[in-house]
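# Structure at a glance
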Amino acid sequence: MRLGRGAPVASTTVVYRLMADAVVVVHFGFILFVAVGGLLAWRWPRLVWLHVPVVAWGIGIVVVGFECPLTPLEKHFRRLGAEEGYEGGFVDRYVEDVIYPDTYTPLLRALAAVAIGVGWLVAASRSVGRRGAGVLGRARGRDRHLADRRRDRPDPDHAEVAH
């Protein structure tokens, strides 16, 4: 049996299933980045600017109850891949009671919040430290450079006149 322009059904369903699996990988990556992105900002401070909106979205999902758009996208690809969809959200399906028991959810959320806070504080303090030293270091270096240039330049009041 063929669909559309002659693509075999089997290969089309496999492609959709692979796309659903890719969304799952991206979704896990997103959740992991929410939890440890602040710690990654220790190494790459500019990452904080990407992490802030990601955390805001994560808080919206947990506190307000927003639905992550990756969940319906995965479910859509599963249906197109001739698989059964599932009830509930991504975390309910793949994380809670799979990776850890549901009873640990509040603890793990608190640990993620601590990791985020510590990561941001350390990244901010390092950024301020670098910026402060960098500005002073550049100013001192510029002053030294100007002093060296003045020393190396002949004084016009005492310059010898070539005859």
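Nothing here was measured: the structure is a model prediction, and the numbers come from that model.

We now examine the overall build of the protein. Of the regular secondary structure elements, the protein holds 5 helices and 2 strands. The order of α-helices and β-strands along the protein, N terminus first, is β-β-α-α-α-α-α. Buried positions account for 22% of the 163 residues belonging to the protein. Sequence-distant contacts, at least 24 apart, represent 58% of the contacts inside the protein between residues at least 6 apart. Surface accessibility of the protein: about 11900 Å² in total, with carbon and sulfur atoms responsible for 65%.

Attention now goes to the packing of aromatic side chains. According to the stated counting rule, one finds 6 aromatic pairs in the structure shown. A centroid spacing of 6.3 Å and a plane angle of 65 degrees characterise the contact between Phe28 and Tyr94, whose relative ring orientation is edge-to-face. Linking Phe28 in helix α1 (residues 9–43) with Tyr94 in helix α4 (residues 90–95), this pair joins segments that are 66 residues apart in sequence. Accessibility expressed as a relative area gives 30% for Phe28, which makes it partly exposed. Of the residues examined, Tyr94 reaches a relative accessible area of 18% and is grouped as buried. With a centroid separation of 5.9 Å and 85 degrees between ring planes, the pair formed by Tyr86 and Tyr94 is classed as edge-to-face. The structure contains a cluster of three or more aromatic residues connected by ring pairs, namely Phe28, Tyr86, Phe90 and Tyr94.

Looking now at helix α3 (residues 70–80). Every buried residue of α3 is listed here: Leu70, Thr71, Glu74, Lys75, Phe77 and Arg78. Along the long axis of α3, the arc covered by the buried residues comes to 160 degrees, so they all point the same way.

Here the focus is the nonpolar core. Val24, Tyr86, Phe90, Tyr94, Val95 and Tyr100 together form the largest nonpolar core, which totals 6 residues. Tallying contributions element by element places α4 first for this core, with 3 residues. Those residues in contact with Val24, other than ones at most four positions away along the chain, are Glu74, Arg78, Phe90 and Tyr94.

Here is what the cut-offs are and how they apply
Throughout this document, residue positions are counted from 1 along each chain, in the order its sequence is written. Given that the model is predicted, a residue must reach a pLDDT of at least 70 before its local features are reported, and side-chain atom pairs must reach 80 or more before they are shown or counted; all residues, however, enter totals for whole chains, interfaces and linings. Hydrogens are left out, water is left out, and the side-chain values use all remaining heavy atoms of the structure. Segments assigned H or I by DSSP are reported as helices when at least four residues long, segments assigned E as strands when at least two residues long, and all are numbered from the N terminus. Burial classification: accessible surface area is computed with a 1.4 Å probe over protein chains only, and a residue below 20% of its type maximum counts as buried, one above 50% as exposed, and the rest as partly exposed. What makes two residues a contact is simply this: any of their non-hydrogen atoms within 4.5 Å. Per-residue and other accessible areas follow the Shrake-Rupley method at a 1.4 Å probe size, with only the shown protein chains counted as cover for residues. Under the pairing criterion, centres of Phe, Tyr and Trp rings, with the six-membered ring standing for Trp, must be within 6.5 Å; the plane angle then separates stacked pairs below 30 degrees from edge-to-face pairs above 60, leaving the rest tilted. Working definition: the arc comes from the directions between the helix axis and the C-beta atoms, pointing outward to the latter. Buried Ala, Val, Leu, Ile, Met, Phe, Trp, Tyr and Cys residues that are joined via side-chain atoms within 4.5 Å together make up what is termed a nonpolar core.

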